Number of protein chains: 2
Amino acid sequence: MSLPLAGISVLDLTQIYNGPYAAFLLVQAGAEVVKVEPPGGEHLRRRAAGGFALPFASLNGGKRSVRLDLKQARGRDVLRDLAMHADVLVENFAPGVMDRLGLGAEALQKLNPRLVYACSSGFGSEGPYRDYPAMDLTVQAMAGYMGITGFADTPPTKCGPAVADFLAGAHLYGAVVTALLERERTGVARRVEVSMLETAYFPLLSALSMVKPGQDADSVRVGNRHSGLSLAPYSVYPCADGFIAIITSNEAQWQGLCRALEMTELLDDPRSRTVKDRCANMDWMDATVAERTIHFTKQALFEKLLAERVPSGPVRTLTEVMHDPHLHATGGLRWQEHPEFGRLPIPSGPLHFSGVEPPQAPPTGKLGAETREVLREKLGLDAAAMDALAADGVI
Amino acid sequence: MSLPLAGISVLDLTQIYNGPYAAFLLVQAGAEVVKVEPPGGEHLRRRAAGGFALPFASLNGGKRSVRLDLKQARGRDVLRDLAMHADVLVENFAPGVMDRLGLGAEALQKLNPRLVYACSSGFGSEGPYRDYPAMDLTVQAMAGYMGITGFADTPPTKCGPAVADFLAGAHLYGAVVTALLERERTGVARRVEVSMLETAYFPLLSALSMVKPGQDADSVRVGNRHSGLSLAPYSVYPCADGFIAIITSNEAQWQGLCRALEMTELLDDPRSRTVKDRCANMDWMDATVAERTIHFTKQALFEKLLAERVPSGPVRTLTEVMHDPHLHATGGLRWQEHPEFGRLPIPSGPLHFSGVEPPQAPPTGKLGAETREVLREKLGLDAAAMDALAADGVI
C-alpha cells in the first residue's frame with residue numbers, strides 16, 4: 001500500500017521552521033517535494049553548516065534540493081517552468097515578496113490553473129500588521145503567550161519551544177491538503193494561507209476562559225499552577241533528581257495523591273479537606289506536597305502516581321526526550337548516521353495512516369545536489385542548457 | 001463559491017481541546033459536523049455552564065449537538081447507524097475506549113468501508129506510554145517543554161497556552177483531510193491517528209539544535225534570552241506600561257536599536273562592539289537596554305523599532321489580544337452576542353481559502369438541541385421511535 005500523497009508533486013520555497021515543517025509533513029505523507037533554495041542555501045542549512053544541524057536535518061530529509069537564483073530573470077523563468085509541472089507551491093516569504101518577483105499566486109495559477117498556491121507568514125497578507133516583522137519570539141509576545149507564562153514575580157516569559165512557528169506549519173499542511181482534496185473533487189485549485197498570529201490564538205483559550213465576558217483582565221502569571229487557581233495540588237514539584245508535574249482535578253485524585261505520598265492524615269485536615277480549602281491554603285498545600293515529593297526520584301513517584309490514577313508527568317530534559325523510549329519504540333524518533341553531521345535522532349511524521357509505515361527519509365544532502373536531475377526530469381533540459389545556466393550562477 | 005469541504009459529513013465524538021479543535025477546523029472548511037455528546041454534555045460544555053464559556057463557545061459553533069448515551073446498547077446501535085452515513089468519525093478518547101464499546105475503527109469500517117476513522121490521544125495507541133494519563137500539563141512535562149521554559153533560578157515552567165492540546169488538534173485535522181483526499185483518489189478509507197507527544201516534539205527543534213550530536217546535555221532555562229545565548233540584545237525589556245520583546249540578529253539591527261534608543265555611543269564601546277562582546281557582557285547589555293526602554297510605552301517603542309527595522313513585539317495582555325485590531329480587522333476574531341453567555345470574541349478558522357470568506361458559525365446551542373433533527377434526517381427515525389429512545393435516556 002502506498003502513502004496517501006503518492007504522486008503529488010510539491011515545489012517548496014520555504015525556510016526556517018514554519019514552511020519547511022509543512023513540507024516535511026507532505027514528504028512524510030508521500031508527496032514528492034523539490035526544495036528550491038537560494039544560491040547560499042536555505043537559512044537553516046547555513047545554520048547547520050555552523051554546527052547546529054538537528055533542525056535542518058530533521059525537517060528536510062527526503063526533499064530534493066534545487067539551487068536556483070530567483071534574483072535573476074532566468075532563475076524566475078526556471079521557477080515558472082517548474083510551477084507548470086507541480087501540484088503545489090508552498091512558500092513562507094514575507095507578504096508581497098513573491099508578487100514582486102512576478103511569482104505570486106495569480107501569475108503562477110494563470111500558467112497552471114491546477115496549482116495549489118500555499119503561503120504562511122507572521123500576520124497574513126492583509127490587515128494592519130501585514131508588514132510587521134515576525135519571528136517566533138515576537139509573535140509569542142504579540143499573541144499573549146508571554147503574558148501568561150512565568151511567575152507573578154518574573155517578567156513575562158517566552159515558551160521555550162518554537163510553538164508559534166510550528167503551529168503555523170501544521171496548519172499550513174492542513175490548508176494544502178484541503179485544497180488538494182477540493183481540487184480533486186471540483187477541479188478548482190485555490191490559493192491558501194495561514195498566519196502565525198491567527199494559529200497561535202487558539203491555545204490561549206484555556207487561559208481566556210478566566211476572562212469574564214464584557215470585562216477586561218490583565219494577564220496573570222500563575223507559574224505552574226492552575227490558570228484559574230481553582231485546583232490544588234496542581235503544579236510542578238521537586239524530586240530527588242528533578243521535577244514532576246502533578247494534577248488533582250477531583251477528590252479521587254487527591255485521595256490517590258495522599259496515599260502515594262503517605263499523607264492520608266491530610267484528608268481530614270481542615271486546611272485540605274475540600275478543593276476550596278486546598279486552594280485557600282495553596283502555598284501551604286504546595287509546600288507540604290513538595291516536602292514529600294523531594295524524597296522520590298521522578299520516575300519512582302510517577303509510577304506510584306500511575307498506580308493511584310493521579311495524572312502526573314516527570315519533567316524531562318532535552319536529552320531525555322532525545323532518548324525517549326516511547327518515541328523510539330513507536331518510530332516517532334529514529335537514530336540516523338548522517339554523513340555530514342554524525343548520529344542524530346530524526347523524527348518521523350506524526351500523522352499515522354493505517355496500513356503503511358511512516359517513511360524513513362534519507363539523510364539531507366548537499367545544497368543543489370539534485371538541481372540537474374530535477375531540471376532534466378521535469379523540464380527536459382539538456383547538459384548544455386544547464387551548463388549555460390550554471391555558468392551564470394542561475395543554478 | 002462553496003467552502004472546500006462542502007458535502008463532507010463528520011461524526012465528532014471529541015472533548016475538551018484536542019479533538020474539538022480538529023472538528024472546529026472541519027466546520028470552518030465547510031464540513032457538516034454532528035457533535036455526539038454524552039448525557040451530561042461534553043466536559044467543556046459543563047465547564048461553560050460553570051461560567052468558563054469562551055473555550056466551548058469558540059470551538060463548537062456550527063456543530064449540531066446530538067445527545068447519545070453510548071453506555072447503553074441502543075445508544076451504540078444509533079452510533080453505528082450514524083457511522084454508516086458519515087464520511088469521517090473523529091474521537092479523542094483514551095486508547096481502547098472505542099474498541100471496548102465495539103465502536104473501534106475495525107468494527108465501524110466493516111459497516112462502512114468508506115469511513116475515515118480519526119483519533120488522537122496523549123501517546124498514541126501503541127508503545128509503552130499508551131495508557132499514561134495525558135493532560136496538556138503532563139505532556140508539556142514529558143515532552144521537554146517545561147525544562148526549557150523559565151529562568152535559571154525558577155523551576156521548570158509550563159507554557160501558559162495549552163499548546164500540546166492544540167498542536168495535536170491541528171495535526172489531527174491534517175490527518176483527516178489527507179485521508180479524505182486519498183479516499184477520493186483511491187477509494188480506500190484509512191484509520192488515522194496522532195498523539196500529543198509526537199506532535200509536541202517538533203517545536204523543540206530550535207532548542208535541540210544546541211545539543212551536540214553524540215553528547216548529552218541538560219535542559220538549560222535561559223528566560224527570554226536566545227536559546228544558545230549567542231545573540232544580544234535579545235530578550236524581553238520593561239517599558240513604562242508593560243514589556244516589549246526585542247531581537248537583534250545582525251549588526252544592522254543592533255545599529256538600528258542603538259539609534260532608536262539614542263545610545264549610538266555603544267557602537268564603539270568595547271563591551272558592545274561585536275555580537276561576541278555583547279554576549280560576553282550580556283547582563284550589562286540587557287541592563288543598559290532596559291534603562292532606555294523603560295522610558296517608552298511599549299507601542300511607541302514598537303513603532304520606533306519598526307522604523308529602524310528591528311524585530312520586536314509588544315507583550316500583549318489577554319485583554320489586548322481579545323481586542324487585537326489586526327485580528328478583528330481580518331475577521332480572525334469577531335464579536336458575537338451569545339444568547340447564553342453574552343458578548344464574546346469568537347475566532348474564525350485560521351485556514352484561508354481564496355475566493356471564500358471564513359464562515360461565521362452560529363452561537364453554540366443547548367446540549368442535544370439537534371438530536372431529533374439529525375436522527376430523523378440521517379436515520380429516518382419517526383417521532384415514536386425517538387420518544388422510545390428518549391424515554392430510556394438513550395438520547
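Student: Just to check I follow, could you spell out the interface of chain A and chain B for this structure?
Tutor: Note: interface size is frequently given as the accessible area lost on complex formation between the parts. At the junction of the two partners, chain A supplies 118 residues and chain B supplies 118 residues. At 16 residues, the largest contribution of residues to the side of chain A that touches chain B is made by helix H8 (residues 163-186) of chain A. Partitioning the side of chain A that touches chain B into residue classes produces 72 nonpolar, 33 polar and 13 charged. One ladder, built from two bridges, connects strand E12 (residues 352-353) of chain A with strand E6 (residues 191-195) of chain B; its direction is antiparallel. Bridge pairing links Phe353(A) to Val192(B) in E6(B).

Student: Sorry if this is basic, but what is going on with the relation of the copies chain A and chain B here?
Tutor: Taken together, a rotation about one axis and a shift along it account for how the two chain copies relate. If you rotate chain A by 180° and push it 0.0 Å along the axis, it lands on chain B with an RMSD of 0.0 Å. A rotation of that kind, with that shift, is consistent with a two-fold axis. The fraction of interface residues of chain A whose copies in chain B are also interface residues reaches 100%, indicating that both copies meet through the same surface.

Student: So what exactly am I meant to see when it comes to the domain arrangement of chain A here?
Tutor: With domains assigned, chain A is organised as domain 1 (9-202 + 323-391) and domain 2 (234-315). Taking the mean C-alpha position of each, domain 1 of chain A and domain 2 of chain A sit 43 Å from one another.

Student: For this particular structure, what's the right way to read the sheet that holds strand E8 (residues 242-247) of chain A?
Tutor: Two modes of strand pairing occur in sheets, parallel and antiparallel, and in both the strands are linked by backbone hydrogen bonds. All names here are of chain A. Sheet architecture is open: three strands sit in the order E7-E8-E9, paired in antiparallel fashion. Edge strands, defined here as strands with exactly one partner in the open sheet, are strand E7 (234-239) and strand E9 (312-314). Within this sheet the neighbouring strands show an average axis-to-axis angle of 20°, counted without direction. Direction of pairing for E8 relative to E9: antiparallel, over a ladder of three bridges. In the sheet register, Ala245 faces E9, and the bridge partner there is Gly313. Along the sheet, helix H13 (residues 282-293) contacts E7 and E8; its crossing angle with E7, the most-contacted strand, is approximately 35°.

Student: Would you take a moment to explain helix H11 (residues 251-260) of chain B for this structure?
Tutor: One full turn of an α-helix is made of 3.6 residues, so residues set three or four places apart face in the same direction. Residues and elements named next belong to chain B. Within H11, burial applies to Gln253, Trp254, Gly256, Leu257, Cys258 and Ala260. Tucked inside the fold, the buried residues of H11 contact strand E8 (242-247) and helix H14 (298-307). The positive-phi residue at the C-terminal boundary of H11 is Glu262, with phi of around 50°.

Student: I'm lost on the sheet that holds E8(B) in this one. Help?
Tutor: Residue and element names in this part refer to chain B. Ordered in space as E7-E8-E9, the three strands form an open sheet in which the pairing is antiparallel. Each edge of the open sheet is held by one strand with a lone partner, namely strand E7 (234-239) and strand E9 (312-314). Geometrically, the sheet is characterised by an average inter-axis angle of 20° between neighbouring strands, direction not taken into account. Together, E7, E8 and E9 form the strand contacts of H14, whose direction differs from that of E8 by roughly 20°.

Student: Would you take a moment to explain the pairing of strand E11 (residues 342-347) of chain B for this structure?
Tutor: A regular strand carries its side chains on alternate faces of the sheet. All names here are of chain B. Pairing of strand E10 (residues 333-338) with E11, which is carried by six bridges, proceeds in the antiparallel orientation. Residue pairing for E11: His338 is matched across the bridge by Gly342. Once E10 ends, the chain turns through three residues before running back antiparallel as E11.

Student: Quick question: what am I supposed to make of the environment of Leu25(B) here?
Tutor: Among the structural elements, Leu25(B) can be located in helix H1 (residues 18-28). Remark: the alpha-carbon pair of Leu25(B) and Tyr173(B), spanning 148 residues in sequence, is separated by 6.8 Å. With residues near it in sequence (within four places) discarded, Leu25(B) still touches Gly174(A), Tyr173(B), Gly349(B) and Leu351(B).

Student: When you look at the confidence of the model for chain A in this model, what are you seeing that I'm missing?
Tutor: In low-pLDDT regions, the fine details of the predicted coordinates are not to be read closely. Within chain A, residue pLDDT values average 95, and 98% of them lie at 70 or more. Here the prediction assigns the complex a pTM of 0.98, and the interface score ipTM is 0.98.

Student: Mind showing me how you'd approach the pairing of strand E1 (residues 9-12) of chain A here?
Tutor: Residues and elements named next belong to chain A. Here four bridges tie E1 to strand E2 (residues 32-37), and the two strands are oriented parallel to one another. Looking at E2, one finds that Leu11 is bridged to Val34. As a crossover connection, the stretch from E1 through helix H1 (residues 18-28) into E2 is right-handed.

Rules used in this analysis
- Residues numbered from 1 in each chain as written.
- Chains lettered and ligands numbered in written order.
- Predicted model: local features only at pLDDT ≥ 70, side-chain atom pairs only at ≥ 80, totals over all residues.
- Contact = placed C-beta atoms within 7 Å.
- Helix = DSSP H or I, 4+ residues; strand = E, 2+ residues; numbered from the N terminus.
- Nonpolar A, V, L, I, M, F, W, Y, C, P; charged D, E, K, R; others polar.
- Pairing = 2+ DSSP bridges.
- Least-squares fit on C-alpha atoms with pLDDT ≥ 70 in both.
- Domains from an automatic or database assignment.
- Axes fitted to C-alpha atoms, helices over the stretch in contact; angles between N-to-C directions.
- Buried ≥ 20, exposed ≤ 12 C-beta atoms within 10 Å, placed from the backbone.
- pLDDT = per-residue confidence, 0-100.
- Right-handed = clockwise from strand over helix to strand, strands pointing away.

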